[in-house]
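# Coordinates in review
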Amino acid sequence: MKRLSTFPLVGGMIGTGLPIHSAISQPLEEAPKRDVMKELGIRTFVNAAGTYTAMTASLMPKEVMETIQISGTQFAMLDEVQDKVGEKIAKLCHAEAATVTAGCWSAMVLGLAGVLTGTDKKKVAQLPNLEGMKNEVIVQKSHNVGYVHALTNTGVTMIEVETAQDVERAVNDKTAMMWFLNYQAPEGKIAHEEWVSLGKKHNIPTMIDMAADVPPVENLWKYNDMGFDLVCVSGGKAMKGPQSAGILMGKKDLVEAARLSAPPRGGNIGRGMKVNKEEILGMYVALEMYINKDHEKEWKSWEDKVAQIENAVKDLQSVKTEVSVPPIANHTPYLNISWDLDVIKITRAELQDKLRSGEPSIEVIGSKDNAISLTVFMLRPKEEKIVAKRIREELKAALV
Ligand SMILES: *Cc1c(COP(=O)(O)O)cnc(C)c1O
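Residues numbered from 1 in each chain as written. Predicted model: local features only at pLDDT ≥ 70, side-chain atom pairs only at ≥ 80, totals over all residues. Heavy atoms only, no water.

## So, the packing of aromatic side chains
This model, assessed by the stated rule, comprises 5 aromatic pairs. When the centroid spacing of 5.9 Å and the interplanar angle of 80° are considered together, the rings of tryptophan 302 and phenylalanine 377 count as edge-to-face. Taken together, the residues span a long stretch of sequence, with tryptophan 302 in helix α14 (residues 295-313) and phenylalanine 377 in the loop between β13 (371-375) and α16 (383-397) at a distance of 75 residues. Take tryptophan 302 and phenylalanine 377: they sit in the same class, and that class is buried. (Phe/Tyr/Trp six-rings, centres within 6.5 Å; stacked < 30°, edge-to-face > 60°. Helix = DSSP H or I, 4+ residues; strand = E, 2+ residues; numbered from the N terminus. Buried < 20%, exposed > 50% of the residue type's maximum accessible area, 1.4 Å probe, protein only.)

## Describing unusual backbone geometry
Put simply, leucine 127 and proline 128 share a cis peptide bond, and its omega is 10°. Positionally, proline 128 belongs in the loop between α7 (121-126) and β3 (136-140). Of the consecutive residues proline 263 and proline 264, the connecting peptide bond is found in the cis state with omega at 15°. Looking at the element boundaries, proline 264 is found in the loop between α12 (252-259) and α13 (277-292). Residues other than glycine seldom take positive phi values, yet asparagine 203 does so here, at roughly 60°. Residue position: asparagine 203 is located in the loop between α10 (192-201) and β6 (206-209). On the basis of relative accessible area, asparagine 203 is assigned to the exposed category, the value being 69%. One non-glycine residue, serine 318, lies in the positive phi region at around 80°. Considering the arrangement of structural elements, one finds serine 318 in the loop between α14 and β9 (320-324). On the basis of relative accessibility, which here comes to 24%, the residue serine 318 falls in the partly exposed class.

## With respect to empty space enclosed by the protein
If you walk through the whole model with that rule in mind, you get 2 cavities of 30 Å³ or more. Volume-wise, the largest cavity comes out at about 120 Å³. Around the largest cavity sit 16 residues that line it, and Gln82, Thr99, Val100, Ala262 and Pro263 are the ones nearest its centre. For the lining of the largest cavity, the secondary-structure elements that each account for two or more residues are α5 (78-92), β2 (97-101) and α12. Each residue belonging to the lining of the largest cavity can be placed in one class, and the counts come to 9 nonpolar, 3 polar and 4 charged. Ala238, Lys240, Tyr290, Lys293, Glu298, Trp302, Phe377 and Met378 together form the lining of the second largest cavity. Two domains each provide a minimum of three residues to the lining of the second largest cavity, namely domain 2 (61-292) and domain 3 (295-397). (1 Å grid on protein atoms, 1.4 Å probe; cavity = no way out; pocket = protein on both sides within 12 Å on 5 of 7 lines; lining within 4 Å. Points joined across faces, edges and corners; volume = space filled by probe spheres on them. Nonpolar A, V, L, I, M, F, W, Y, C, P; charged D, E, K, R; others polar. Domains from an automatic or database assignment.)

## Overview of the domain arrangement of the protein
As far as domains go, the protein holds domain 1 (4-30), domain 2 (61-292) and domain 3 (295-397). Distance between the C-alpha centres of domain 1 and domain 2: 63 Å.

## Observations regarding the sheet that holds strand β10 (residues 334-338)
Within the open sheet, the 4 strands sit side by side as β9-β10-β13-β12. Their pairing is antiparallel. Among the strands making up the open sheet, the edge pair consists of β9 and β12 (365-366). Taken together, the 5 bridges between β10 and β13 define a ladder with antiparallel strand orientation. By the bridge assignment, serine 338 is partnered in β13 with alanine 371. (Pairing = 2+ DSSP bridges.)

## Section: the state of the cysteines
By the definition in use, this model includes 0 disulfides. Residue cysteine 104 stays outside any disulfide, its sulfur separated by 5.2 Å from that of cysteine 232, the closest cysteine. (Disulfide = S-S within 2.5 Å.)

## Thoughts on the packing of α5 against α13
Running from N to C, α5 and α13 point in directions that differ by 15°, and their axes come no closer than 10 Å. In terms of axis orientation, α5 runs roughly parallel to α13. By crossing handedness, the relation of α5 to α13 is classed as left-handed. Of α13, the residues touching α5 (which contributes Leu78, Val81, Gln82, Val85, Lys88, Ile89 and Leu92) are Lys277, Ile280, Leu281, Tyr284, Leu287, Glu288 and Ile291. (Axes fitted to C-alpha atoms, helices over the stretch in contact; angles between N-to-C directions. Parallel < 35°, antiparallel > 145°, perpendicular 65-115°, else oblique. Left-handed = near helix turned anticlockwise from the far one by under 90°. Contact = heavy atoms within 4.5 Å.)

## Let's talk about the side chain of arginine 390
By the element assignment, arginine 390 lies in helix α16. A polar atom in the side chain of arginine 390 sits 2.8 Å from the side chain of glutamate 393. If near-sequence neighbours (up to four positions away) are discounted, arginine 390 is found in contact with Lys354, Leu355, Gly358 and Ile362. (Polar contact = N/O pair within 3.5 Å; in protein donor to acceptor, adjacent residues only side chain to side chain.)

## With respect to the site of the ligand
In the region of the ligand, the neighbouring residues are Gly103, Cys104, Trp105, Tyr147, Leu181, Tyr183, Asp209, Ala211, Ala212, Ser234 and Lys237. Lysine 237 has a polar side-chain atom sitting 2.9 Å from an oxygen atom of the ligand. Computed on the free molecule, the ligand has an accessible area of 380 Å², of which 85% lies beneath the protein chains in the complex. For the ligand, the cavity whose grid points lie within 2 Å of the majority of its atoms is the second largest pocket. Broken down by class, the residue content of the shell around the ligand amounts to 7 nonpolar, 2 polar and 2 charged. (Near = heavy atom within 4 Å. Areas by Shrake-Rupley, 256 points an atom, 1.4 Å probe, with all protein chains shown as cover. Sits in = over half its atoms within 2 Å of the grid points.)

## Section: the nonpolar core
Membership of the largest hydrophobic core comes to 45 residues, with the highest contact counts inside it found for Ile89, Trp195, Leu220 and Leu287. With 8 residues, the top contributor of residues to this core is α13. Residue contacts for leucine 220: discarding those within four places in its chain leaves Cys93, Met210, Val214, Met239, Met249, Leu287, Tyr290 and Ile291. If you look at the next biggest cluster of nonpolar residues, it comprises 34 residues, including Leu112, Leu127, Trp179 and Ala211. (Core = buried A, V, L, I, M, F, W, Y, C linked by side-chain atoms within 4.5 Å.)

Take a look at the structure:
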């Protein structure tokens, strides 16, 4: 026995009855999971900014992650996954049909492709060459922003209008579609309902981009109910689905036609807009969870968190705080914090640097030279306390 305990790695048994190598090994404990972000030195941070694409937008809930993990262990036919998920999403959102796309942007490309080609496979293969097809999309001047690039990808030309009379003049036999950008609705002279009725009058399909426009949750069916032929939304923003997923929904014939330009089919303009089955299913679960959550309770928790951060800084000399809610797009409470640069000697950029390089790193929204803004809807539990403490610390340290 003495010899054995001196050389414990040499075979035989110790008094426990266990083989020596077991007796001396660690108790059964799960090995730490590999953290590749840490391994690569990728900065992770507390996101008090919002669902910015550059900041990877949102974090998927556990149920979505589990869906991705479990579905990742089995093969299935990609079209069958889309068929089954599309049916469920359509029902949830009062649409005739739906399909999961690689984000809202590709929902717009594919939706318009479907409008242009119908089910003519020769036309599908021909895009973005529009010979023999309609080639104009009508847009209000104030809605004609960078996102129209999704539409011009198909080869179309955007035709700007301002008034309903302009629309009447612009419509011709080359008009393929009328596109509406939801967040710019207050800037346009033509409102949603009138846009839809102009489309119906001239038998031109209408599409709405409402990418970042939940909450409120009702927007997921409002524009289908209103009569838009196609509705495009991001999955990875407030809905917390996979960042690279989105939804195209609307009229059955148009969604079916759109899918002809999407994987698994190739030889089309959408072949690069692939969504894997894990993300398609993850998108469905995220949507369902988003619809079923207690939105009132969530809103209250956002207000509470904003108030906590506001209360932590508002007594500092010269600091002003203001809470606001954008009426459309990222409709969630924002806190703006501003200060007098003669009293608190730190610029907005310097404060952002300090917050970024602190532990933990924090991202907020840059505003004016003497102000920052923030949102709380992407914070994980209790992170509002960290944000409040760090902003107070840095502002206080800069007090003259
Ligand atoms: C985010 C956004 C898009 C693009 O959506 P993705 O889901 O990132 O493809 C399109 N339009 C608007 C208005 C957006 O805010």
